[in-house]
Amino acid sequence: MGLFDKIFGKKVAEQIEENASADIFKFDLTEKEATTDAETAPESESVIVSEPISEIEIEPKSVSEKEIETIEVVAETADVEVEAELKPEIEPETPKQIEEKYEKSLKKTSKSFGARFNEFLANFRSVDEAFFEDLEDTLIMSDVGVDVATQLTDDLRREVKLQNAKSKDDVKRVIIEKMVDNFGESGLNTRLNLQDGLTVMLFVGVNGVGKTTTIGKLANRYKHEGKKVLLAAADTFRAGARDQLVEWARRSGVDVVVGKENSDPASVVFDAVKRANTEQFDVLLIDTAGRLQNKDNLMKELEKMGKIIKRELPDAPHETLLALDATTGQNAISQAKEFSNVTPLTGIVLTKLDGSAKGGIILTIQQILQIPVKLVGLGEGIQDLEDFDEALFVKGIFQDLI
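Structure report, in brief. Quick caveat, the model's predicted, so the values are computed rather than measured.

**Comments concerning the pairing of strand S7 (residues 319–325)**
Successive side chains on a regular strand alternate, one facing one side of the sheet and the next facing the other.
Okay, step 1: Burial analysis of S7 places seven of its seven residues in the buried class, the great majority of the element.
Okay, step 2: Burial of the side chains of S7 extends over both faces: Glu319, Leu321, Ala323 and Asp325 are buried on one face and Thr320, Leu322 and Leu324 on the other.
Okay, step 3: Where strand S3 (residues 199–204) meets S7, four bridges bridge the pair, whose relative direction is parallel. Considered in S7, the bridge of Leu202 is made with Thr320.
Okay, step 4: Strand direction decides the pairing type here: S7 and strand S8 (residues 347–351), joined by five bridges, are parallel. Bridge pairing in S8 links Leu324 to Leu350.
Okay, step 5: Each parallel crossover has a hand, and the one from S7 via helix H11 (residues 330–342) to S8 is right-handed.

Here you go:
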């Protein structure tokens, strides 16, 4: 049974045939002199958090006018008493709520697909070479990429001939079924590699794609699942990057390790890994710089971080996730190729999917680059980061075709 039948079922398949003419797609803050020597990283101080979770994008917030070495954010205890606000409890989402979120967030992509394919099918005359050339152009304009579009068109040539599809209704059915089933043929593991002990995740990506926001949202999720979470602000070069991550830690009630501006990122990673390992944290999420324009320096930084991590945990990092902005379309593919040349990637985080009509790039990422999409950003809320669900994605992206 193909992915199409699993998702939509025979009834929908029959409806396609019957209605083919219808429109188809988050105290005590001690300031301390910093050191860049990873081997002599000092102990962190404590901060108690009293701010509620925000449902909007977090803006960078100043922590101190002086340089600080590390900050530990503790949700329940502190050295001094402070007035704390109760954090709102977040109820787990039901499968139906997640499905509806996918559907809503993929509406722009689905409408884009629908408009192009409706226009293409409106000009249907006969199944000839001109027909398949127009189909390939339509797929390329739908951001599935040239290579995928060519491969899919060739597959459709064979399928149309095999099924002897000649009428507009038959051809449309074959096209939709084949496109849906192609999304389910990557065979990639889209689940995050969580360990029984400490899980270390390294996040990479250019500035502005939502990398730090993704870390904050994921930290909040794991915190509410009862996990002990630590963040590492290893992006010591971008102005405001560490403050932004500190603010996310405050709002989620998790700990964070930071270094002074322009310090060695590896010293932050060293202290974070050491703390996470000795203090029995469940998850360590590491933010990194996104200076892709200087790939030699970036490569050296990532290599140094990797050595420090593996010295403490030989099997870590367990995930190296690349954050990509879905609104950039094919430029996201270029970024994926560049970063995969710099460091081995285990997965993709596709952000801002709700604001894009270019969701088709997932097909290129998984089929051509062979890198699984593991997380998707489906909105600005703190709960709007979801595990990638192939079936829900396919159903959402083709909702206006069926």
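**Regarding the packing of aromatic side chains**
Okay, step 1: All chains considered together, the criterion is met by four aromatic pairs.
Okay, step 2: Centre to centre, the rings of Phe117 and Phe120 are 6.5 Å apart; their planes meet at 85°, and the pair counts as edge-to-face. With Phe117 and Phe120 both in helix H3 (residues 107–122) and three residues apart, the pair spans about one turn of that helix.
Okay, step 3: Judged by centre distance (5.1 Å) and plane angle (45°), the ring pair of Phe120 and Phe131 falls under tilted. Here Phe131 lies in helix H4 (residues 129–141) and Phe120 lies in helix H3, a separation of 11 residues in the sequence.
Okay, step 4: Look at Phe131 and you get buried, because its relative accessible area is 6%.
Okay, step 5: What links up through ring pairs into an aromatic cluster is the set Phe117, Phe120, Phe131 and Phe132.
Okay, step 6: Residue placement shows Lys228 over the ring face of Phe281; its charged tip is 4.5 Å from the ring centre.

**Regarding helix H9 (residues 265–278)**
Okay, step 1: When the terminal C-alpha atoms of H9 are compared, their 20 Å separation across 14 residues agrees well with the 20 Å that a helix rising 1.5 Å per residue should span.
Okay, step 2: Of all 14 residues in H9, 11 are buried, a share of seventy percent or more.
Okay, step 3: Residues Pro265, Ala266, Ser267, Val268, Val269, Phe270, Asp271, Ala272, Val273, Arg275 and Ala276 constitute the buried set of H9.
Okay, step 4: Two residues or fewer past H9, Gln280 is found with a positive phi of approximately 55°.

**What about the nonpolar core?**
Okay, step 1: Membership of the largest hydrophobic core comes to 101 residues, with the highest contact counts inside it found for Ile175, Leu231, Leu284, Leu285, Ile286 and Leu350.
Okay, step 2: Per-element tally for this core: the top contributor is H9, with seven residues.

**Focus on the pattern of salt bridges**
Okay, step 1: A complete count under the given rule lists 19 salt bridges for this structure.
Okay, step 2: Two residues, Lys101 and Glu386, come together in a salt bridge whose shortest N-O distance is 3.0 Å. Taken together, the positions of Lys101 in helix H2 (residues 95–105) and Glu386 in strand S10 (residues 385–387) put the pair 285 residues apart, joining distant regions of the chain.
Okay, step 3: Among the residues examined, Glu386 registers a relative accessible area of 7% and is labelled buried.

**Quick look at helix H13 (residues 390–397)**
Okay, step 1: Restricting attention to buried positions, one finds in H13 the residues Leu392, Phe393, Val394, Gly396 and Ile397.
Okay, step 2: Two or three places before Ala391, at the start of H13, stands the capping residue Asp389, its side-chain oxygen 3.1 Å from that residue's backbone nitrogen.

**Topic: the environment of Glu312**
Okay, step 1: Of note, Glu312 is situated in helix H10 (residues 295–312).
Okay, step 2: Counting along the chain gives 38 residues from Glu312 to Lys274, while the straight-line C-alpha distance between them is 7.3 Å.
Okay, step 3: Each residue touching Glu312, except ones within four places of it in the same chain, is listed here: Val273 and Asn277.

Calculation criteria
- Residues numbered from 1 in each chain as written.
- Predicted model: local features only at pLDDT ≥ 70, side-chain atom pairs only at ≥ 80, totals over all residues.
- Heavy atoms only, no water.
- Buried < 20%, exposed > 50% of the residue type's maximum accessible area, 1.4 Å probe, protein only.
- Helix = DSSP H or I, 4+ residues; strand = E, 2+ residues; numbered from the N terminus.
- Pairing = 2+ DSSP bridges.
- Right-handed = clockwise from strand over helix to strand, strands pointing away.
- Phe/Tyr/Trp six-rings, centres within 6.5 Å; stacked < 30°, edge-to-face > 60°.
- Lys NZ or Arg CZ within 6 Å of the ring centre and 35° of its normal.
- Expected span 1.5 Å × (residues − 1).
- Core = buried A, V, L, I, M, F, W, Y, C linked by side-chain atoms within 4.5 Å.
- Salt bridge = Lys/Arg side-chain N within 4 Å of Asp/Glu carboxyl O.
- Polar contact = N/O pair within 3.5 Å; in protein donor to acceptor, adjacent residues only side chain to side chain.
- Contact = heavy atoms within 4.5 Å.

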